[in-house]
Amino acid sequence: MEYLNTLINEIYKILFLVIPILVSVAMIVWLDRRVWGLVQKRRGPNVVGPFGLFQTLADALKYIFKEIIIPASANKTIFILAPIITMTLALVAWAVIPLSETLVLSNINVGILYLFAISSLGVYGIIMGGWASNSKYPFLGAIRSAAQMVSYEVSIGIIIINVLLCVGSLNLNDIVLAQKNLWYVIPLFPMFVVFFISALAETNRPPFDLPEAEAELVAGYQTEYSGMMYAMFWLGEYANILLMCAMGSILFLGGWLPPLDIYPLNVVPAPFWMIFKILFLFFLFAVIKAIVPRYRYDQLMRLGWKVFLPFSLIYVVLTASFLLYFDKLPKGSF
Amino acid sequence: MLAHAIFFYFFSILAIFSALMVITSRSTVNSVFFLILDFISVGCLFIMVGAEFLGMILLIVYVGAVAVLFLFVVMMLNVAQQKQSWFVGQKSTHIPSGLIVSVLILLELLVVVGGWKYKENIMSSSNLVIDTSTTNTHSIGSVMYTDYILYFQLSGVILLLSMVGAIILTYRKRENVKTQSYLKQISRDKASAVMLKDVEFNKGVKIDD
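Residues numbered from 1 in each chain as written. Chains lettered and ligands numbered in written order. Predicted model: local features only at pLDDT ≥ 70, side-chain atom pairs only at ≥ 80, totals over all residues.

Trainee: Sorry, what's going on with the overall build of chain B here?
Mentor: Of the regular secondary structure elements, chain B holds nine helices and zero strands. Reading the secondary structure of chain B in the N-to-C direction produces α-α-α-α-α-α-α-α-α. Within chain B, the fraction of its 209 residues that count as buried is 13%. For chain B, contacts bridging at least 24 residues in sequence account for 49% of all contacts bridging at least 6. (Helix = DSSP H or I, 4+ residues; strand = E, 2+ residues; numbered from the N terminus. Buried ≥ 20, exposed ≤ 12 C-beta atoms within 10 Å, placed from the backbone. Contact = placed C-beta atoms within 7 Å.)

Put into structure tokens, the structure is as follows:
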């Protein structure tokens with residue numbers, strides 16, 4: 001009976017996390033399109049609801065009522081599984097994101113590794129969807145994206161090592177609290193830039209949206225998807241983008257900490273700072289989508305392996321030697 | 001405790017089932033997908049016994065990187081459905097070597113399971129204290145880079161060697177391939193790129209000289 005109570009309590013907590021995320025994903029899609037429109041001197045979606053806020057809900061409604069078409073030659077199980085996996089993985093990762101010191105679903109020891117593991121699983125949704133469609137464009141898109149996501153994960157991993165060297169713990173709350181005096185964006189600024197660009201590549205955002213480059217691949221791995229299944233890919237993608245923004249704000253921008261621990265700033269509740277930082281990073285994502293042209297594929301690979309990987313490796317050596325020389329290595333509580 | 005048992009049996013049954021499906025499944029791509037499921041369930045089992053670092057590393061390394069490359073290769077090579085089998089159709093030529101390997105693995109398993117009987121003796125005879133206050137990430141890190149640094153470095157060198165070996169075996173230098181030099185492209189300036197020429201009427205100019 002006690003076990004049942006805990007179970008119900010947990011489910012209640014999970015619902016309270018998942019529903020706001022889904023709603024904010026809908027809002028973020030609107031924000032993305034709106035920023036995109038404003039940069040290009042268009043209006044963007046502004047008809048449905050106040051300022052067009054309900055545009056995404058209208059779109060989602062449209063997707064729900066559309067017919068789902070499964071190609072005759074597709075591998076049905078995997079074809080249906082792919083969008084489900086994308087969506088689930090994008091939501092599951094939010095379990096460890098701390099919105100404040102206590103407002104977190106599960107505060108685990110290896111939080112950052114969990115985030116990294118989940119984001120590295122994200123490639124499966126795409127590769128499964130692309131292969132199961134049994135058609136040329138999706139397959140090429142999936143192959144491209146598998147190579148792209150695996151390569152940029154490597155540099156993200158090494159950037160995380162940089163931060164972990166300074167923190168001395170894999171716990172996300174510890175990472176945030178270690179930035180109480182100085183956000184890591186200042187000492188590790190080059191790493192923040194590399195992380196941001198790698199996050200763009202990892203989430204298949206422009207200028208790295210090669211897996212779905214319209215001009216070459218129709219819509220890449222999503223070509224054969226329709227209706228609700230397409231919408232799930234789409235929502236999962238945006239939930240992943242939000243997740244990357246959350247990761248960036250935890251690793252570099254001090255998570256739920258206010259910028260300065262002074263009077264008007266530290267009375268603002270912690271979750272607001274976290275949300276504000278996520279929104280700020282997302283705004284950068286949206287602006288970059290509007291102003292940067294798409295990379296060519298070989299340039300993308302060159303950037304990942306020949307520029308970012310050596311650069312972040314050198315930075316690991318630099319950070320480690322700096323910490324060792326000035327005796328700043330985290331002693332930690334262990 | 002009940003919940004623990006339920007999750008344990010769920011993940012272990014899933015692990016055994018997917019391991020069986022890896023070797024019995026007809027399509028190679030399905031085999032790889034079941035292999036991934038197997039990795040994930042074993043990772044969950046690791047996390048259940050409290051080895052959360054190992055579990056996460058298993059997920060990151062095997063599921064996030066190795067299995068993606070497996071899938072990549074299987075999909076790219078378009079390996080056809082496996083036609084050879086034990087009893088039906090053409091006999092596979094790999095069966096003898098497979099048998100040897102599986103007998104070896106069976107023997108090893110017997111040693112491990114047989115040794116289980118003496119587990120109590122070992123636990124009681126060792127005078128190591130099990131420290132529960134440190135997380136296992138910290139404890140792995142504190143021995144890996146001090147006591148076992150040579151083995152750690154050695155395994156790194158072996159991995160590097162295998163990578164270099166694979167590149168040397170597959171690398172062919174192709175002739176007459178147009179490559180881009182970013183330095184050359186960036187260092188182009190107006191003087192070398194644009195020329196002003198007086199063109200004679202009805203003669204034209206020669207390009208590329």
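Trainee: Help me understand the overall build of chain A in this model?
Mentor: When its secondary structure is counted, chain A shows 13 helices and zero strands. A buried classification covers 46% of the 334 residues belonging to chain A.

Trainee: Just to check I follow, could you spell out the environment of G52 of chain A for this structure?
Mentor: All names here are of chain A. As for its placement among the helices and strands, G52 is situated in the loop between α1 (2-39) and α2 (55-65). Sequence spacing of G52 and V123 is 71 residues, and the spatial spacing of their C-alpha atoms is 32 Å. With sequence-adjacent residues up to four places away left out, G52 is seen in contact with W30, P45, N46 and V47.

Trainee: Would you take a moment to explain helix α3 (residues 76-92) of chain A for this structure?
Mentor: All names here are of chain A. Along its 17 residues, α3 runs 24 Å from first to last C-alpha, staying within 8% of the 24 Å computed at 1.5 Å per residue. At A82, α3 shows its maximal bend, which comes to roughly 25 degrees, and the proline P83 appears one to four places after that position. Of all the positions in α3, only F79, A82, P83, T86, M87, L89, A90 and L91 are classed as buried. Where α3 is buried, its residues meet α1, α4 (111-121), α5 (123-132) and α10 (227-251). (Expected span 1.5 Å × (residues − 1). Bend = angle between axes of the 7 residues up to and from the residue.)

Trainee: What is the right way to read the confidence of the model for chain B from this model?
Mentor: Reading fine detail from the predicted coordinates is not recommended where pLDDT is low. All names here are of chain B. This prediction gives chain B a mean pLDDT of 81; 86% of its residues lie at or above 70. Per-element mean pLDDT across chain B ranges from 68 in helix α5 (residues 119-125) up to 92 in helix α7 (residues 149-170). The ipTM value of the predicted complex is 0.81, and its pTM value is 0.83. (pLDDT = per-residue confidence, 0-100.)

Trainee: Sorry if this is basic, but what is going on with the packing of α3 of chain A against α5 of chain A here?
Mentor: Any two packed helices are characterised by how steeply their axes cross, that is the angle between the axes, and by the distance between the axes. All names here are of chain A. Remark: α3 packs on α5, axes separated minimally by 8 Å, with the N-to-C direction vectors making an angle of 165 degrees. Taken together, the axis directions place α3 and α5 in an arrangement best described as roughly antiparallel. Seen along the crossing, α3 lies across α5 with a hand that is left-handed. Where α3 abuts α5, its residues I78, F79, L81, A82, P83, I85, T86 and L89 lie against Y124, G125, M128, G129 and A132. Here the contact of α3 with α5 is composed, by residue class, of ten nonpolar, three polar and no charged. (Axes fitted to C-alpha atoms, helices over the stretch in contact; angles between N-to-C directions. Parallel < 35°, antiparallel > 145°, perpendicular 65-115°, else oblique. Left-handed = near helix turned anticlockwise from the far one by under 90°. Nonpolar A, V, L, I, M, F, W, Y, C, P; charged D, E, K, R; others polar.)

Trainee: Is there a simple way to explain the interface of chain A and chain B in this structure?
Mentor: Listed by partner, the interface residues are 18 residues for chain A and 19 residues for chain B. Contributing elements (two or more residues each) for the side of chain A that touches chain B: α4, α5 and α6 (136-167) of chain A. Per-element tally for the side of chain A that touches chain B: the top contributor is α4 of chain A, with six residues.

Trainee: Teacher, can you tell me more about helix α2 (residues 28-48) of chain B here?
Mentor: Since the α-helix advances by 3.6 residues per turn, residues separated by three or four positions end up pointing in the same direction. With 21 residues, α2 of chain B should reach 30 Å at 1.5 Å per residue; the first-to-last C-alpha distance of 30 Å fits that figure. Looking one or two residues beyond α2 of chain B, the residue adopting positive phi is G50 of chain B, at roughly 95 degrees.

Trainee: How do you make sense of the domain arrangement of chain B when you look at a structure like this?
Mentor: A common way to report how large an interface is uses the accessible area buried once the components associate. Entries for chain B in the domain assignment read domain 1 (1-82) and domain 2 (134-171). The distance between the C-alpha centroids of domain 1 of chain B and domain 2 of chain B comes to 23 Å. (Domains from an automatic or database assignment.)

Trainee: Would you mind going over the environment of F285 of chain A with me for this structure?
Mentor: Residue and element names in this part refer to chain A. Position of F285 relative to the elements: it lies in helix α12 (residues 270-291). For F285, a count of 23 C-beta atoms within 10 Å translates into the label buried. Separated by 253 residues in the primary sequence, F285 and D32 have C-alpha atoms spaced 8.3 Å apart.

Trainee: What exactly am I supposed to notice about unusual backbone geometry here?
Mentor: A negative phi angle is the norm for most residues apart from glycine, just as the trans form is the norm for most peptide bonds. At N134 of chain A, a position not held by glycine, the phi torsion is positive, near 55 degrees. Here N176 of chain B, not a glycine, exhibits a phi torsion of approximately 55 degrees, which is positive. Along the chain, the position of N176 of chain B falls in the loop between α7 and α8 (182-186).

Trainee: Would you mind showing me how to read the packing of helix α1 (residues 2-24) of chain B against α2 of chain B here?
Mentor: Residues and elements named next belong to chain B. Viewed as axis vectors pointing N to C, α1 and α2 meet at an angle of 155 degrees, and their least axial separation amounts to 8 Å. It follows that α1 is roughly antiparallel to α2 by the angle criterion. Judged by the twist between their axes, the crossing of α1 over α2 is left-handed. Two secondary-structure elements touch here, α1 through F7, F8, F11, S12, L14, A15, S18, A19, M21 and V22 and α2 through S31, F34, L35, L37, D38, S41, V42, C44, L45 and M48.

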